[in-house]
Amino acid sequence: MPEGRGSRIGDTPGLRPGPGGFAARTHPQKPDRLRAAADLLDQAAAADDKAAGRFAEARVDSTPFGISPQARELAARWATALAAREADARVLGDATSDLAGRLRMAAVSTRSTGFRGRLAVAP
């Protein structure tokens, strides 16, 4: 082996076998990982809500670019596009929040029964 690298697995601190084998020392337990994932999903849902608020604010603050029929049509299309993005962001935020709740429930249930199933994700 090149100098500076260990020649045995036991030389690598994260790979030393412990009471639960190799994985027990280097990876957190499933409930902890599920809770951490749920926390990240909550952050993503909050970002979605913030984006939806900004789309709504931009839609309300938008004004026509002029009095011509073309300017009014452009402003109406812009407002429609912003409303659609706002709705998309709210739906995404709600779905993300729901998934975070499911992960938290799965984290609680793995403590007593063991993690044997899969999480069902709504379409």
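Up top you'll find the structure we're talking about.
Chemist: For this particular structure, what's the right way to read the overall build of the protein chain?
Modeler: Counting its regular elements, the protein chain contains three helices and zero strands. The order of helices and strands in the protein chain, counted from the N terminus, is α-α-α. Counting only residues that meet the buried cut, the protein chain has 15% of its 123 residues in that class. Within the structure as shown, the protein chain displays about 9,300 Å² of accessible surface, and the carbon and sulfur contribution to it stands at 58%.

Chemist: Would you explain the pattern of salt bridges in this entry?
Modeler: A side chain of one charge can pair with a side chain of the opposite charge if their charged atoms are brought near each other. This structure, assessed with the given rule, holds seven salt bridges. Here aspartate 39 ties to arginine 104 by a salt bridge, and the two come within 2.4 Å at their closest N and O atoms. Taken together, the positions of aspartate 39 in helix 2 (residues 30–61) and arginine 104 in helix 3 (residues 69–113) put the pair 65 residues apart, joining distant regions of the chain. The partner of aspartate 42 in a salt bridge is arginine 104, with the nearest N and O atoms 2.7 Å apart.

Chemist: Before we go on, may I ask you to explain the environment of glycine 53 in this structure?
Modeler: Topologically, glycine 53 is positioned in helix 2. C-alpha separation for the pair glycine 53 and glutamate 86, spaced 33 residues apart in sequence, amounts to 7.2 Å.

Chemist: When you look at the nonpolar core in this model, what are you seeing that I'm missing?
Modeler: Nonpolar side chains tend to gather and get buried jointly when the protein is soluble and globular. Counting residues in each nonpolar core, the largest one holds six residues, listed as Leu34, Ala38, Ala100, Leu103, Ala106 and Ala107. For this core, the secondary-structure elements that each account for two or more residues are helix 2 and helix 3.

Chemist: Just checking my understanding: could you explain the side chain of glutamate 86 for this structure?
Modeler: Along the polypeptide, glutamate 86 turns up in helix 3. When its relative accessible area of 12% is taken as the criterion, glutamate 86 is described as buried. Beyond its immediate chain neighbours, meaning those up to four positions away, glutamate 86 contacts Ala52, Phe55, Ala56 and Arg59.

Chemist: What's the story with the environment of leucine 99 in this structure? I'm lost.
Modeler: Its location among the elements puts leucine 99 in helix 3. Taking the relative accessible area as the measure of exposure, leucine 99 reaches 26% and is therefore partly exposed. Along the chain, leucine 99 and aspartate 42 lie 57 residues apart, while their C-alpha atoms are 9.0 Å from each other.

Chemist: What exactly am I supposed to notice about the side chain of threonine 96 here?
Modeler: Here threonine 96 lies in helix 3. The exposure class assigned to threonine 96 is buried, which follows from its relative accessible area of 12%. Once residues within four sequence positions are removed from consideration, threonine 96 is found in contact with Leu41, Ala44, Ala45 and Asp48.

Conventions used here
- Residues numbered from 1 in each chain as written.
- Predicted model: local features only at pLDDT ≥ 70, side-chain atom pairs only at ≥ 80, totals over all residues.
- Heavy atoms only, no water.
- Helix = DSSP H or I, 4+ residues; strand = E, 2+ residues; numbered from the N terminus.
- Buried < 20%, exposed > 50% of the residue type's maximum accessible area, 1.4 Å probe, protein only.
- Areas by Shrake-Rupley, 256 points an atom, 1.4 Å probe, with all protein chains shown as cover.
- Salt bridge = Lys/Arg side-chain N within 4 Å of Asp/Glu carboxyl O.
- Core = buried A, V, L, I, M, F, W, Y, C linked by side-chain atoms within 4.5 Å.
- Contact = heavy atoms within 4.5 Å.

Keep in mind these numbers describe shape, not what the thing actually does.
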